[in-house]
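# Structure assessment
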Amino acid sequence: MSDSQTFPPGAAYARGQYCAIADATLSVLDWGLLRSDATYDVAHCIDGRFFRLDAHLDRFYASAEKLRLDIPVAKADCAEIMRECVRRGGVGEAGYVECLITRGLSPTFSRDPRDAVPTFIVFAVPLGFILPRDRWDEGLHVHISGIRRIPPESVDPTAKNYHWHDLVQGLYAAYDAGAENVVLTDPAENICEGPGFNVFAVKDGRVLTPDRGVLRGISRDTALRLAAELGHETVEAPLPTATFRAADEAFITSTAGGIMPIARADDRPIGDGRPGPVTRALRDLYWEKHRDPAWTTPV
Ligand SMILES: Cc1ncc(COP(=O)(O)O)c(C=O)c1O
């Protein structure tokens, strides 16, 4: 019997049925666990509206196709399951809604992935922010790690995945260095991404973000569009660590909190060490769009 008291509020859909979060479980033989062979996507809803739901669904289905995983429901049905998990879980005010598909397990425990039957799970829980709202005027302190993000030649970062050893070990390195989060780099010392977020720098009014070795974050795409709307030149290109450290401003983007400022990188401030005007304008516009029917759909 499940003890839902020990789980966050929310609701899930697993094995073709709605259930408590505590009952949305995976077999120990599932390749999602044994091989990290899975993909997922996360959308958020705020005040009863999903933000860019179609973009998240499109990316989820595209990721699954890249990994040769067949999602057992149509996109419209997946959207309806996400809505129902939010309603049942009572998290419409601020919800974190994840859909995932794993390779599953083969009835004979064969080593051939084609024999496996995929596992499809959706869950909705309260939305958490990478940088809590009460620290938005302060900004994040990141460590720029020598740990290299898994190269895109090995694992396609545009298929959202659970290959997080580099990111999690990077977090531990950041804690050891007295920082609170981490940004990983590539072998040429370019900035890549962090655990659950993309990275941006602002220099002389230009908005810069890496174009390679990163997830095409939906929030990244939103930030690029909003920067253009505000009249900034946007540049998707390799972002050398030295350029990042010398930026006027820097910020991260994620479904888990939107556009959040970076104040320090290792022992040095970014700019004057406070969230800058471009970051603040982008953040405000980002949240404004959460009330705009062109960017949102009702739960
Ligand atoms: C590795 C990685 N990069 C970037 C992101 C940000 O993507 P999005 O803006 O779609 O949430 C995520 C989100 O989980 C991620 O896992």
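Residues numbered from 1 in each chain as written. Predicted model: local features only at pLDDT ≥ 70, side-chain atom pairs only at ≥ 80, totals over all residues. Heavy atoms only, no water.

Per an unreviewed UniProt entry, the recorded name for the protein chain is Probable branched-chain-amino-acid aminotransferase, and the organism is Marivibrio halodurans. Per its UniProt entry, the protein chain bears the Function (unreviewed entry) comment "Acts on leucine, isoleucine and valine." UniProt, in the comment section headed Sequence similarities (unreviewed entry), describes the protein chain in these words: "Belongs to the class-IV pyridoxal-phosphate-dependent aminotransferase family." (UniProt positions renumbered as here; feature names shortened; annotations may be inferred.)

## Comments concerning the site of the ligand
The environment of the ligand is made up of 17 residues, and the closest members are Lys160, Glu193, Ile218, Ser219 and Thr255. Between the ligand and arginine 59, the relevant distance is 2.9 Å, taken from an oxygen atom to a side-chain nitrogen or oxygen of the residue. In the model, an oxygen atom of the ligand is placed 2.4 Å from a nitrogen or oxygen of the lysine 160 side chain. For the ligand, whose free accessible area comes to 390 Å², the fraction covered by protein is 94%. Of all the secondary-structure elements, those providing two or more residues to the shell around the ligand are β9 (193-194), β10 (197-203), α5 (218-229) and β13 (249-254). Across the shell around the ligand, the residue classes tally to five nonpolar, eight polar and four charged. (Near = heavy atom within 4 Å. Polar contact = N/O pair within 3.5 Å; in protein donor to acceptor, adjacent residues only side chain to side chain. Areas by Shrake-Rupley, 256 points an atom, 1.4 Å probe, with all protein chains shown as cover. Helix = DSSP H or I, 4+ residues; strand = E, 2+ residues; numbered from the N terminus. Nonpolar A, V, L, I, M, F, W, Y, C, P; charged D, E, K, R; others polar.)

## Examining the packing of helix α2 (residues 53-66) against helix α3 (residues 75-89)
At a minimum axis distance of 11 Å, the contact between α2 and α3 shows a crossing angle of 120°. Our classification of the angle between α2 and α3 gives oblique. When the axes of α2 and α3 are compared, the crossing they make is right-handed. In this structure, α2 uses Leu53, Leu57, Asp58, Phe60 and Tyr61 to contact α3, whose residues at the interface are Lys75, Cys78, Ala79, Met82 and Arg83. (Axes fitted to C-alpha atoms, helices over the stretch in contact; angles between N-to-C directions. Parallel < 35°, antiparallel > 145°, perpendicular 65-115°, else oblique. Left-handed = near helix turned anticlockwise from the far one by under 90°. Contact = heavy atoms within 4.5 Å.)

## Points about the side chain of lysine 160
Structurally, lysine 160 is set in the loop between β7 (140-148) and α4 (165-176). Aspartate 41 provides the closest opposite charge to the buried, salt-bridge-free lysine 160, at an N-O distance of 5.6 Å. Leaving out residues up to four positions away in the same chain, lysine 160 has contacts with Ala38, Thr39, Tyr40, Asp41, Val42, Arg59, Ser63 and Leu215. (Buried < 20%, exposed > 50% of the residue type's maximum accessible area, 1.4 Å probe, protein only. Lys, Arg positive; Asp, Glu negative; His and termini not counted. Salt bridge = Lys/Arg side-chain N within 4 Å of Asp/Glu carboxyl O.)

## Observations regarding the domain arrangement of the protein chain
By domain assignment, the protein chain separates into domain 1 (4-126) and domain 2 (133-291). Computed from C-alpha coordinates alone, the two centres of domain 1 and domain 2 are separated by 26 Å. Facing the 21 residues of domain 1 at the interface are 20 residues of domain 2. Roughly 1,900 Å² of surface becomes buried between domain 1 and domain 2 when both sides are summed, with 59% attributable to carbon and sulfur atoms. When the buried surface of domain 1 facing domain 2 is broken down by residue, Tyr40, Phe51 and Arg59 rank first, second and third, together holding 35% of it. Along the contact surface separating domain 1 from domain 2 lie one salt bridge. Linking arginine 52 and aspartate 221 is a salt bridge whose minimum nitrogen-to-oxygen distance equals 2.8 Å. At the boundary of domain 1 with domain 2, the tally comes to 11 residue pairs in polar contact (both at pLDDT 80 or more). Among the secondary structure elements, those contributing two or more residues to the side of domain 1 that touches domain 2 are β3 (38-46), β4 (49-51), α2 and β5 (94-105). (Domains from an automatic or database assignment. Buried area = accessible area lost by both parts, 1.4 Å probe.)

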